[in-house]
Amino acid sequence: MLELIQYWMKWWKHIAIFCGTAILLSIIITTPAIMHPYYQSKMVFYPANPATNDRGVLFSEGSTVVDNFGSKDDINRFLAIANSKELTKFMVDSFNLRKHYGIKEKGYYYVGREFSSNYKAIRNDLGAIELKILDTDPELAAKMVKAAVNQIDKSYRLILSENKKTTYEILNNEAEWAGRKLRALADSLNQAKKGAVFSYDKDGNLLGEEKLRMLDKEFQNQNAYIGTLYSISNQFNISMSDRYPTIYVVEDASIAEKKTKPVRWLIVLFTAIGSFLAATIVIILLELLKHAKLSNSTMGN
């Protein structure tokens, strides 16, 4: 260590010039004219529990307790959409990022790579989703964050409603088929009633010959079945409404007032430390080389 201090004292002028030059260059390079400042906009939100607007919960006659916030699986689905190539393409096309980033190459690879370096969607320690975007334009950064979250929400809603929509269509098709069967039964029942002796009791049950009673019972059952189908179908239709929330926003995107990077003082500090270490290594090598030459010279004599 004493030997190292001697080296520093011997070469201090050279070290000071080298470090001073490096620090000056780092100050110049980190000026806004050369290294553009980046501003970050962020949105924090929780996914809603899709079960809250499920048909079984909405129309349950009992007291069903459901947590409003989504599970880890719901968060993972959101993050899968948030980090998908489809979202990157949407953002590139929506905000003309190829021109904004000054990328001339065609396709989405290079512009997508630039966007990804300024974009982050993660789950934080509190279980919420954080979506962040960096840009040289603070207003654009805020707009992009809101657009990204809206697109993710839209895609997520589509996934949730896909199965309900399929079930809704199956129920309607089944109801239409049952309706045709009901009309055929009605015709058969009307034909059977002609010339037959029958009556109805106070509960609406047909009284008469067995064949007529069975036909009327089948008609009543089919009519009730169709009513049930349409009732369930309407419930599925209501559960697909866009009015139900799929996210709960904790922190909305806002225009940043202060830059996020570069952190000028940190760059200058690391430059100073790095240049000092580099200068120290160089002078040590020079001194070792000098001693080696002196040793060889002494041995030669």
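What you see is a predicted model, and the numbers here were worked out from it, not measured in a lab.

Colleague: Break down the pattern of salt bridges for me, citing the residues and quoting the values.
Modeller: One pass over the full model with this rule turns up 3 salt bridges. Between D74 and R77 there is a salt bridge whose closest N-O contact spans 2.6 Å. Taken together, the positions of D74 and R77, both in helix α3 (residues 72–82) and 3 residues apart, correspond to about one turn of that helix. Taking relative accessible area as the criterion, D74 reaches 3% and is therefore assigned buried. Judged by its relative accessible area of 37%, R77 falls in the partly exposed class. Note that R157 is salt-bridged to D153, the shortest N-O span being 3.4 Å. Here the residue R157 and the residue D153 both occupy positions in helix α7 (residues 138–193), the gap between them amounting to 4 residues, near one helical turn.

Colleague: Run through helix α4 (residues 85–94), naming residues and quoting values.
Modeller: For α4, the set of buried residues is L87, T88, M91 and V92. The arc that holds the buried residues of α4, viewed along the axis, is 135°, so those residues lie on one side. Projecting away from the buried face of α4 at angles above 90 degrees are the exposed residues K85 and E86. Lining the buried residues of α4 we find α3, α5 (97–100), α6 (109–117), β2 (119–123), β3 (129–135) and α7. Following α4 by one or two positions, N96 adopts a phi angle in the positive range, close to 50°.

Colleague: Give me a nonpolar patch on the surface: which residues, what numbers.
Modeller: On the surface, V263, W265, L266, L269, F270, I273, F276 and L277 cluster together into a nonpolar patch covering about 750 Å² of accessible area. Inspection of the secondary structure puts L269 in helix α9 (residues 264–300). Judged by relative accessible area, which is 40%, L269 ranks as partly exposed.

Colleague: Give me the nonpolar core: which residues, what numbers.
Modeller: Judged by nonpolar contacts, the single largest core of 29 residues is most densely connected at M91, L97, Y119, L131, I133 and I152. Where this core is concerned, the elements lending two or more residues are β1 (39–47), α3, α4, α6, β2, β3 and α7. Of the residues forming this core, the biggest block, 7 residues, is contributed by α7. Not counting the four nearest positions on each side in its chain, I152 is found in contact with F78, I81, A82, L87, Y119 and L131. If you look at the next biggest cluster of nonpolar residues, it comprises 13 residues, including A178, L182, L185 and F219.

Colleague: Outline the sheet that holds β3, listing residues and values.
Modeller: Here 4 strands make up an open sheet; going across it, the order is β2-β3-β1-β6 and the pairing antiparallel. The sheet is open, and its two edges are formed by β2 and β6 (247–251), each paired on a single side. Taking the axes of each pair of neighbouring strands and ignoring which way they run, one obtains an average angle of 25° across the sheet. With 5 bridges connecting them, β2 and β3 associate as antiparallel partners. Counterpart to A121 in the pairing with β3 is L131.

Colleague: Hey, could you go over the packing of aromatic side chains for me, with residue numbers and the actual values?
Modeller: Throughout the structure, instances matching the rule amount to 4 aromatic pairs. Ring plane angle 40° and centroid distance 4.2 Å describe the contact between F78 and Y156, whose orientation is recorded as tilted. Placement of the pair is F78 in helix α3 and Y156 in helix α7, with a sequence separation of 78 residues. In this pair, the class of F78 matches that of Y156, namely buried. For the pair F115 and Y119, a centre-to-centre distance of 4.9 Å together with 25° between the ring planes defines the contact as stacked. Using a relative accessible area of 12% as the deciding quantity, one classes Y119 as buried. Put simply, the rings of F45, F78 and Y156 pair up and form one aromatic cluster.

Colleague: Explain α6 residue by residue, including any values.
Modeller: Buried within α6 are the following residues: V111, G112 and F115. For α6, the buried positions fall inside an angular range of 100° around the axis, keeping them on one side. Close packing links the buried residues of α6 with α4, α5, β2 and β3.

Criteria and cut-off values
- Residues numbered from 1 in each chain as written.
- Predicted model: local features only at pLDDT ≥ 70, side-chain atom pairs only at ≥ 80, totals over all residues.
- Heavy atoms only, no water.
- Salt bridge = Lys/Arg side-chain N within 4 Å of Asp/Glu carboxyl O.
- Helix = DSSP H or I, 4+ residues; strand = E, 2+ residues; numbered from the N terminus.
- Buried < 20%, exposed > 50% of the residue type's maximum accessible area, 1.4 Å probe, protein only.
- Arc of directions from axis to C-beta.
- Contact = heavy atoms within 4.5 Å.
- Patch = residues over 30% accessible without salt bridge, like charges linked within 9 Å, V, L, I, M, F, W, Y side chains within 5 Å.
- Areas by Shrake-Rupley, 256 points an atom, 1.4 Å probe, with all protein chains shown as cover.
- Core = buried A, V, L, I, M, F, W, Y, C linked by side-chain atoms within 4.5 Å.
- Pairing = 2+ DSSP bridges.
- Axes fitted to C-alpha atoms, helices over the stretch in contact; angles between N-to-C directions.
- Phe/Tyr/Trp six-rings, centres within 6.5 Å; stacked < 30°, edge-to-face > 60°.

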